[in-house]
Each structure stands twice: as structure tokens, then as C-alpha cells.
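If you want the building blocks of each chain, they are given just below.
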Amino acid sequence: MEESLLNNVIALCKRRGFMFAGSEIYGGLANTYDFGPLGVEIKNNIKKLWWKRFVQKRKDIFGLDGGILLNRKIWEASGHTASFLDYLVECKTCHKRFRVDHIEGFQLQKDGTAECQSLPSCPSGEKHTLNVEIFQKKEDGTSIIKPRRFNGMFRTYIGATEDSDALAYLRPETAQAIFTNFKNVVNAFSPSFPFGIAQIGKAFRNEITTGYFIFRTLEFEQMEIEYFIKKENWENVFKIWQDEMMDWAVFVGIDKSKLRFREHDEQERSHYSKRTVDLEYQFPTGFKEMYGLAYRGDFDLSNHSKHSGVALLFKDKETNEEFFPHVVEPSFGVERTLLPLLLDAYAQEEKRIVMRFVPHIAPVKVAVFPLLANKDDLVALAHQTYENLKKSIDGLIMFDDRGNIGKRYFSQDEIGTPFCVTVDFQSLEDNTVTVRDRDTTKQERISIGKLSDFLINKLSS
Ligand code: ATP
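Please read these numbers as outputs of a predicted model, since none were measured by experiment. (Residues numbered from 1 in each chain as written. Predicted model: local features only at pLDDT ≥ 70, side-chain atom pairs only at ≥ 80, totals over all residues. Heavy atoms only, no water.)

(A) Main features of the site of the ligand. Residues in close proximity to the ligand total 15 residues, the closest being Glu 207, Arg 216, Thr 217, Glu 289 and Met 290. Gly 292 places a polar main-chain atom, nitrogen or oxygen, 3.5 Å from an oxygen atom of the ligand. Arg 336 is positioned such that a nitrogen or oxygen atom in its side chain is 3.3 Å from an oxygen atom of the ligand. Here the ligand has 600 Å² of accessible area as a free molecule, and 85% of this is covered by the chains. Mapped onto the shell around the ligand, the elements with two or more residues apiece are β14 (219–229), β17 (286–297) and β20 (326–333). (Near = heavy atom within 4 Å. Polar contact = N/O pair within 3.5 Å; in protein donor to acceptor, adjacent residues only side chain to side chain. Areas by Shrake-Rupley, 256 points an atom, 1.4 Å probe, with all protein chains shown as cover. Helix = DSSP H or I, 4+ residues; strand = E, 2+ residues; numbered from the N terminus.)

In C-alpha cells:
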């Protein structure tokens, strides 16, 4: 049943223009998606709300928009060239590739080997044999295998030649441009401590496993904050950001009862991290990472200082003490926000499908209809109402005069539009319109003069 929820959401997303399989008319490109008119609205809403909440409304966080292409030395200093690795095994029969850390019963070790109970078999569930060499078999029956290593960064070349000097990478995370601009932001703004730098942007990963709709894609957007702190405060700050992440997820409409935190153990933690906690969402197939929170110590600033020769230190204004700030990093995926909120919004009722988005996330805020499309005076007043609402309401307003009014309501319910405004014959007499509420389906009459304020108030509550 839960699997069919995902299938229903995928079908609705395509049918109603939220998102489409990437490069579809050429047979597609695995793990890529294009966002349609409604998908781009929701994504923009997510990014706009996040920016407002974590940058514009705070004194202590500064914004940044760094490059996707960065000097290759940055990835050497950050450890990505050596350590941004996935470990994969391939099936001899079906030739599917699997990430070892995603296979149940396999335990990836820090040295790049993996332990698995009994003999390793293909995770597809078929009786296939994996193409791996077992180089040790323990007495308790555990096998030790050496999976293939694979660097997840996309490569490209800068300039006319494709030699090793021209090699560059598409960024696999937005964080590094924040670290390399640390001094620039400090010099320009003299922030007091603690403070953060935030960035929203595309990241690229050469993912080797097949995707789960938009859960794991080759290119995606991240919303990241590097929050610079004194070492002794890290546990406190970590806890604050854990709460901030949870509050944000609930604010965009994700069901709190489907969220949980999961601590990474020593084996699982990334090369830079001293503590990592994932905020996981209960997808139809089980709990999976939605966001990550990592305590990166002073790994990044001290390594960039070593490699670049530029000391990325912070000077305490009172004590004149210079030190490498430590960092707590909350990392939010835009698409990993979108998928849970689509799943939670979807409701199949007796007569209709309704997406119960919270109003600030809904892709269309208000739809305006003339009761009948062939009555010029109704259409003219509806157009005028639509134009006025476009001026006063932030977000997409739709005009629709196709089909009958009932179909138009259902069509808007299916894309989660919170309010529909209908201009009818009474409107011509007393300058009132009906406003229909998506969730209750109840209508009330409002005078056109008060309509904008009424809707703005409803949309923000
Ligand atoms: P996973 O274990 O699922 O590969 P990760 O632990 O490598 O993810 P992070 O490096 O912590 O992910 O990335 C930070 C955030 O970026 C994730 O919490 C997620 O929201 C998002 N993200 C990472 N990889 C992808 C991807 N391939 N597609 C979509 N979003 C992603």
C-alpha cells in the first residue's frame, strides 16, 4: 500500500507538471529529473523560506553564492580527492551495481574492506553471485571482501585540452566555497562570534546506484550552513541545530511522527566529521536520510590554511587571541525536502485527490474562475480580480475558465491550491465573490474590496 503511495505521487507529479524524467524524449538519463512549472514553484518556495528563516531573519548568518567550479586544490585540501569514495559491488548475472553501505548485512570498514555474513549474494533477491573476491573467511562464517572504490565527484576539463592539468570537478557539496571565502566574509563584515555562512546551490555526485524517484539524483540542490564556534561550545550548538532542523521540517509540512534522528557510528562517519546525526524520514520503503548534521571540528579551516598558505584564523576582538574556529554544519537537501512533503501532502478521498500542502509551500496560492466561460461580463470581472490578486499576493495565482466549475475545483485540489475564487452572477450585482477552502471545501462570500487582505491573512495563518 505504501509503495502505491509513491507510485501515485510519481504519477501525479508527471500528470500535473511537477516534475518529469530527465531527457525523456531521448529515452531518459538515469537519476536525473526536470522540474516543471509547479515543481519549480515549490522548490523556489522551499529555498526562499529557508533563506528568509536562516539568513535574512538572523543577525548571525551571512549569505554566499560560491562557484560550482573551484580550483582543484580545494578538493585535495578538503580530502574529497582521496576520500569522497563509494564502495561498490557488481552482480555477475544482472550486472546491477550496489553501494556496499546500502546493502543489508554488509558492514563497510574504515580500511575499505567490507564484512558480510556468510557468502555475499546479490541484493536484488535473485540467486545471483556477486562479482567479488572473498579474501578472508572467518571462523564464524563472516566473509571479508574488497569492494571496488569509486570517487563520486564528476570530472570535467577547463580549456581546450583534456590533460591532467586541466582537470576540474563539479562541486559535490556547497560547503567548500564557504570555507575558502571565510576570510573574505570576516574582513568585509567583522562578525562577532559565533556566526555562520549559508549557501544554496547545485551539487553534483556521480551516484552509482539507481534512484528512488528524486531521492538520489546526479545533480541536486543543497542548503548548507557552516556555523563557526569555539571548540568548547560544540555540543551545545550541535543540539541547537538539531532542534532547528526538526522545526524547519515541521514548518514546511512534514509529519513529525515520520521523523527521527539517527547517530552515525565511527565506521560510517565521513572523513571530516567528529559527530554526525542524520534527520531521517520514514519513506514508504523505510527510514532514510533527509538531512545531515555534522561537527567538522576545525578540519576544513586548518586544512585550507595548510594547503593554501593563507591562515584562516579568527581573532577574538576582546582577548586578541587567534584561533581556528570549529564548525557545526547543518546540511539540507532541497529535493529531499520536496519528496517527503509530497508524500505527506497526498490524500486520496472518496471524490477527489487533494495535496494538503501548507499554504507557504503550495505552488499555486489562489485560483480565480468565472462561473461560466461564455459570459463576457463574468470573464471580465474575473480577469480584473485575477490581475489585482497578482499585484498583492506573493506567489503564483492561476486563472482557469475551462470545463465546469466542479472540475476546476478538483483540478486545483490535486495540485494543492489552498483557495479558489469564483466570480458568479451575484458578483455582478453586489461586488462579492465566493472563496472556497481546499481542505473543508466550504465556500464563503467576500467583498472584492476586502479579498486581497482576506486571502493574505488566510495564506499566512
Ligand atoms: P547518502 O548517504 O544518502 O548518499 P550523504 O550522507 O552522502 O547521503 P551528505 O553528504 O550528508 O549526504 O549530503 C548532505 C545532504 O545533501 C543530504 O542530507 C541530502 O539532503 C542531500 N543529498 C546528498 N546526496 C544527494 C543526492 N544524490 N540526491 C539528492 N540529495 C542529496
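(B) Layout of the packing of helix α10 (residues 376–392) against helix α13 (residues 448–460). Contact pair α10 / α13: the axes reach a minimum separation of 10 Å and the direction vectors enclose 40°. Viewed along their axes, α10 and α13 adopt a mutual orientation that is oblique. Like other packed secondary-structure pairs, α10 and α13 cross with a definite hand, here right-handed. Residue-level contacts link Leu 381, Thr 385, Leu 389 and Ser 392 of α10 to Ile 448, Leu 451, Ser 452, Leu 455 and Ile 456 of α13. The residue makeup of the contact of α10 with α13, split by class, is six nonpolar, three polar and no charged. (Axes fitted to C-alpha atoms, helices over the stretch in contact; angles between N-to-C directions. Parallel < 35°, antiparallel > 145°, perpendicular 65-115°, else oblique. Left-handed = near helix turned anticlockwise from the far one by under 90°. Contact = heavy atoms within 4.5 Å. Nonpolar A, V, L, I, M, F, W, Y, C, P; charged D, E, K, R; others polar.)

(C) Structural detail: the pairing of strand β27 (residues 443–447). As judged from the five bridges shared by strand β26 (residues 432–437) and β27, these two strands associate in the antiparallel manner. Counted as the bridge partner of Val 433 is Ile 446 from β27. (Pairing = 2+ DSSP bridges.)

(D) Highlighting the pattern of salt bridges. Tallied over the full model, the rule gives 38 salt bridges. The residue Lys 390 makes a salt bridge to Glu 387 at a minimum N-O spacing of 3.6 Å. On the criterion of helical spacing, the pair formed by Lys 390 and Glu 387 is a turn pair, its members being three residues apart in helix α10. Note on Glu 387: relative accessible area 36%, which makes it partly exposed. (Salt bridge = Lys/Arg side-chain N within 4 Å of Asp/Glu carboxyl O. Buried < 20%, exposed > 50% of the residue type's maximum accessible area, 1.4 Å probe, protein only.)

(E) Inspection of helix α8 (residues 299–308) at higher detail. Taken residue by residue, α8 has Asp 300, Leu 301, Ser 302, Asn 303, His 304 and Ser 305 as its buried positions. Looking at the buried side of α8, the elements it contacts are α3 (72–77), α5 (175–180), α6 (182–189), β14 and β17.

(F) Expanded view of the pairing of strand β25 (residues 419–423). Most of β25 sits inside the fold, with five of its five residues counted as buried. Side chains of β25 alternate between two faces, with Phe 419, Val 421 and Val 423 and Cys 420 and Thr 422 buried alike. Pairing geometry for strand β23 (residues 364–370) and β25, over five bridges, is parallel. Bridge assignment links Val 368 to a residue of β25, and that residue is Val 421. As defined by bridge partners, β25 adjoins β26 across four bridges and the pair is classed as antiparallel. Looking at β26, one finds that Cys 420 is bridged to Arg 436.

(G) Focus on the sheet that holds strand β3 (residues 61–64). On the basis of which strands lie adjacent, the open sheet formed by seven strands has the order β3-β13-β14-β20-β17-β16-β15 and mixed pairing. The outermost strands of the open sheet, each flanked by one partner alone, are β3 and β15 (259–263). Put simply, the sheet's adjacent strands are angled 25° from each other on average, direction ignored. Sheet analysis places β15 next to strand β16 (residues 275–283), joined by five bridges and oriented antiparallel. Bridge pairing in β16 places Phe 261 opposite Leu 279.

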